[in-house]
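Now for the letters of each chain:
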Amino acid sequence: MKTRMSYYRRLAAIFWNYKRKRTRLPYLPTRLWIEPTSVCNLRCVMCPNKELTKAQKGFMDFALFRKIVDEVKDFAFDVHLLHRGESLLHPEFFDMVAYAHAAGLVTRFHTNGTLLDEDKARRLIASGIDQFAFSFDGFDAETYEKTRVNAEFETTVGNIVRFLEIKKELGARKPVTLIELIDMPGLGESAARSRAAFEARFRGLPLDRIVVKEYHNWAGEAGGIARREAYSPCTFLWHALIVFWDGSVLPCTQDFFGYYTLGNARETSIAAIWNNDRMVALREKILKGDIEDLETCGRCDRLWRKQILGIPREYLGRALLKRME
């Protein structure tokens, strides 16, 4: 049975094995990102999605999704039902949420909010989703529309407001609802002028948090490396896996184009992939700092973030609070 105490015991095991530099792990992944689709309806300036080829775009079939959930439900604590695309484009997305929820997995996702009409809002609440965030980026129309290309500020804000009104009408405690912004260049100036007015739009509504996240470089796909702190081996390899819509399994969310595929969930179990030779070899290279020949890790700025006990500070706090936005 998965309890709060068992979650923290798993965190302790992750920390112990990470600090001891173990590369074959005695536990299975705590968290998965499962990508319903890599297709998106926007062309955001910071997102590499617009560079995906036609062959890299598609929708996960429900049978594969069900296979993955059935395999991981006894050892994973939560799943993020998104990665490179807009999950609400998947015609069976709400069924996916409901299936994962029924399997006892904490379910999360992000949405750009442009497609969340009243019907989808009600279906989302009914699906059992535990938490989700509106990926927004900009406290005013000018900043937002310049960043979120093909989106319209007032329409998206209206969708968010209506979702929150429905949540309030239903008296629903879940999903925990966030608005997330990336600290893009120029956001500070925009925030100083516009944040108060933006937040006023949601006054009296059940919005749990507005979060401004540190900008990252999508492993070089969105800019260069800013090496501001000491090198820290990536913690992802000790607790998580990512599954693309076609079943490809990756070690980290920053591997946007699938440069380092570990295997395929159609053909192999998640448990077998977790400690296979490619994963073990990658952990060994990361621990040594031997990353220059790795297409993703060699360009990723997350390996150089501020740390506590050798763990990137932003991840440690979220993990302890079970807030893995």
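You'll find the structure just up there.
Residues numbered from 1 in each chain as written. Predicted model: local features only at pLDDT ≥ 70, side-chain atom pairs only at ≥ 80, totals over all residues. Heavy atoms only, no water.

With that out of the way, let us pick up the sheet that holds strand β7 (residues 240-243). Ordered by their spatial adjacency, nine strands build an open sheet running β6-β5-β4-β3-β2-β1-β7-β8-β9, and the pairing between neighbours is mixed. Since the sheet does not close on itself, it has two edges, and those belong to β6 (209-213) and β9 (263-264), each with one partner. (Pairing = 2+ DSSP bridges. Helix = DSSP H or I, 4+ residues; strand = E, 2+ residues; numbered from the N terminus.)

On to the environment of A121, then. Within the secondary structure layout, A121 lies in helix α4 (residues 118-127). When the C-alpha atoms of A121 and F163 are compared, they prove to be 5.6 Å apart, with 42 residues separating the residues in sequence.

In this section: the nonpolar core. Among the nonpolar cores identified, the biggest contains 91 residues, and I68, I179 and I270 are the most heavily contacted of them. Considering each element in turn, this core owes the most residues, seven residues, to helix α6 (residues 153-170). (Core = buried A, V, L, I, M, F, W, Y, C linked by side-chain atoms within 4.5 Å. Buried < 20%, exposed > 50% of the residue type's maximum accessible area, 1.4 Å probe, protein only.)

Let us look at the state of the cysteines. Tallied over the full model, the rule gives zero disulfides. Summary of cysteine pairing: C234 is not part of a disulfide, and the nearest cysteine sulfur, belonging to C252, is at 4.6 Å. For the unlinked cysteine C300, the closest cysteine sulfur is that of C252, found at 6.1 Å. According to the relative accessible area criterion, C300 is buried, its value standing at 7%. (Disulfide = S-S within 2.5 Å.)

Turning next to the pairing of strand β3 (residues 106-111). The element β3 is extensively covered by neighbouring structure, given that five of its six residues are classed as buried. Two elements, strand β2 (residues 78-80) and β3, share three bridges in a ladder whose sense is parallel. If you follow H80 over to β3, its bridge partner there is R108. As for the winding sense of the linkage, the β-α-β connection from β2 through helix α3 (residues 93-102) to β3 is right-handed. Sheet topology note: the β3/strand β4 (residues 131-135) ladder contains four bridges and is parallel. Note that in β4 the partner of H110 across the bridge is A133. Taken together, β3, α4 and β4 constitute a β-α-β crossover, and its handedness is right-handed. (Right-handed = clockwise from strand over helix to strand, strands pointing away.)

Attention now goes to unusual backbone geometry. Between K174 and the following residue, P175, the backbone shows a cis peptide bond with an omega angle of 5 degrees. The topology assignment puts P175 in the loop between α6 and β5 (176-182). One non-glycine residue, D137, adopts positive backbone phi at about 70 degrees. In this structure, D137 sits in the loop between β4 and α5 (141-147).

Here we come to the packing of aromatic side chains. Enumeration according to the criterion identifies 22 aromatic pairs in this entry. Ring centres of Y27 and W274 lie 6.4 Å apart, and the angle between their planes is 50 degrees; on these two criteria the pair is classed as tilted. Placement of Y27 in the loop between α1 (4-19) and β1 (31-34) and of W274 in helix α8 (residues 270-274) is noted, with a sequence separation of 247 residues between them. Looking at Y27, the relative accessible area reads 9%, which means it is buried. Measuring from ring centre to ring centre gives 5.9 Å for F62 and Y99, while their planes differ by 80 degrees; the resulting arrangement is edge-to-face. Pair noted here: F62 is in helix α2 (residues 62-72) and Y99 is in helix α3, with a separation of 37 residues, a long-range link. Overall, the relative accessible area of 26% leaves Y99 in the partly exposed class. One aromatic cluster in this structure is built from F93, F94, F109, F132, F134 and F163. Over the ring of F244 we find R84, and its NZ or CZ is 3.5 Å from the ring centre. Over the ring of W274 we find R283, and its NZ or CZ is 4.6 Å from the ring centre. (Phe/Tyr/Trp six-rings, centres within 6.5 Å; stacked < 30°, edge-to-face > 60°. Lys NZ or Arg CZ within 6 Å of the ring centre and 35° of its normal.)

Another point: the environment of R22. Secondary-structure assignment places R22 in the loop between α1 and β1. For R22, a relative accessible area of 35% translates into the label partly exposed. In this view, R22 contacts W16, N17, W238 and R283; residues no more than four positions away in its chain are not counted. (Contact = heavy atoms within 4.5 Å.)

A word on α3. Among all positions in α3, only F93, F94, M96, V97 and A100 are buried. Taken down its axis, α3 places every buried residue within 155 degrees of arc, on the same side. Buried-residue contacts for α3 involve α2, β2, β3 and α4. Note on α3: the residue one or two positions beyond its end, G104, has a positive phi of about 90 degrees. (Arc of directions from axis to C-beta.)

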